[in-house]
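Chain by chain, the residues:
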Amino acid sequence: MVPTKPTRTTNPRIEPLVPDGRTDSRAARARSEPMAVVPLGDGRYDVVVGAGTAYTVALPEGTCTCPDYQYRETRCKHLRRVAIEITDRRVPAPDERDADCAACGERVFVDAETPDPVYCDDCTLDAGTLVRDRERGDVLVVVDTLQKRARAVDVGDHTVATHPSNEGYDPDDVVVEAVYPVRDATPERLRERGVRTYAFPRGRLERV
Ligand SMILES: [Zn+2]
Ligand SMILES: [Zn+2]
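Description of the structure in this document. Because the structure is a prediction, the values reported are computed rather than measured.

**Some details on the nonpolar core**
Thought 1: Of all hydrophobic cores here, the largest spans 14 residues; its most connected members are Cys64 and Val82.
Thought 2: Those elements that place two or more of their residues in this core are strand S2 (44-50) and helix H3 (77-87).
Thought 3: Counting residues per element, this core draws most heavily on H3, which supplies three residues.
Thought 4: Discounting residues that sit within four places of it in the chain, Cys64 has contacts with Tyr55, Thr56, Val57, Tyr69, Gln70, Cys76, His78 and Leu79.

Below is the structure:
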């Protein structure tokens, strides 16, 4: 899961990608004409060209419902526009879906198979990040953010999700492993202390 940040397409704005260069080729018009691309899922996209007028592009089949494609079977400007907007990360690719970051609400594109909740790059806790435990107020250091969900990670007789201290957190949250900071940490001192790693649902930790 490598989320990237697209621009927002809710309430689509029908706009050109570049100023009108007064050129006639389909490739140029795909960029210069005002259109809005609305992903429908399964590789299908509506291309809105004006109030109440939209054509549907099916990427897997490489088809469009516009007259240019229907009568000339050419790679029309709508097919081209969808390809451009996917390349520019303005809309999700056919194997992706869009989702809201569970921490900040930012819109991200993720693999279509990735379940909610998802986190944007900024809200993914990398190793070394200082975080605060919302339950106890303690500050910890992140060791790793797992791809696994709280309901799928065991801690003793419980999973992270069913552990009593994690009541009320999303059982589908990703699991973050963290340690309590050790003063003047050296490899020897860490070994001596037998530093223990704790597993938290992501929602329980906030960046310090
Ligand atoms: Zn078309
Ligand atoms: Zn975020």
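So much for the structure itself; the text now carries on.
**Regarding the coordination of the zinc ion (ligand 2)**
Ideal values for angles at a metal depend on the geometry: 109.5 degrees with four tetrahedral donors, 90 or 180 degrees with six octahedral donors.
Thought 1: Only Cys101 (SG), Cys104 (SG), Cys120 (SG) and Cys123 (SG) from the protein reach the zinc ion (ligand 2) as donors, at distances of 2.3 to 2.4 Å.
Thought 2: On the primary sequence, the residues serving as donors to the zinc ion (ligand 2) are separated as C-x2-C-x15-C-x2-C. Like Cys123, Cys120 is buried.

**A closer look at the sheet that holds strand S7 (residues 130-133)**
Two pairing modes exist for strands in a sheet, parallel and antiparallel, and in both the strands are linked by backbone hydrogen bonds.
Thought 1: The strand order S12-S11-S8-S7-S13 describes an open sheet built from five strands, whose pairing is antiparallel. With one partner strand each, in any of the chains shown, strand S12 (198-201) and strand S13 (205-207) form the two edges of the open sheet. Averaged over all pairs of adjacent strands, the angle between their axes in this sheet comes to 50°, without regard to strand direction.
Thought 2: In this sheet, S13 lies alongside S7 in antiparallel orientation, the contact comprising three bridges. Bridge pairing in S13 links Asp133 to Leu205.

Cut-offs used in this document
- Residues numbered from 1 in each chain as written.
- Chains lettered and ligands numbered in written order.
- Predicted model: local features only at pLDDT ≥ 70, side-chain atom pairs only at ≥ 80, totals over all residues.
- Heavy atoms only, no water.
- Core = buried A, V, L, I, M, F, W, Y, C linked by side-chain atoms within 4.5 Å.
- Buried < 20%, exposed > 50% of the residue type's maximum accessible area, 1.4 Å probe, protein only.
- Helix = DSSP H or I, 4+ residues; strand = E, 2+ residues; numbered from the N terminus.
- Contact = heavy atoms within 4.5 Å.
- Donors = N, O, S within 2.8 Å, 3.2 Å for Na, K, Ca; no water.
- Pairing = 2+ DSSP bridges.
- Axes fitted to C-alpha atoms, helices over the stretch in contact; angles between N-to-C directions.

Geometric descriptors of this kind do not, in isolation, establish any biological role.
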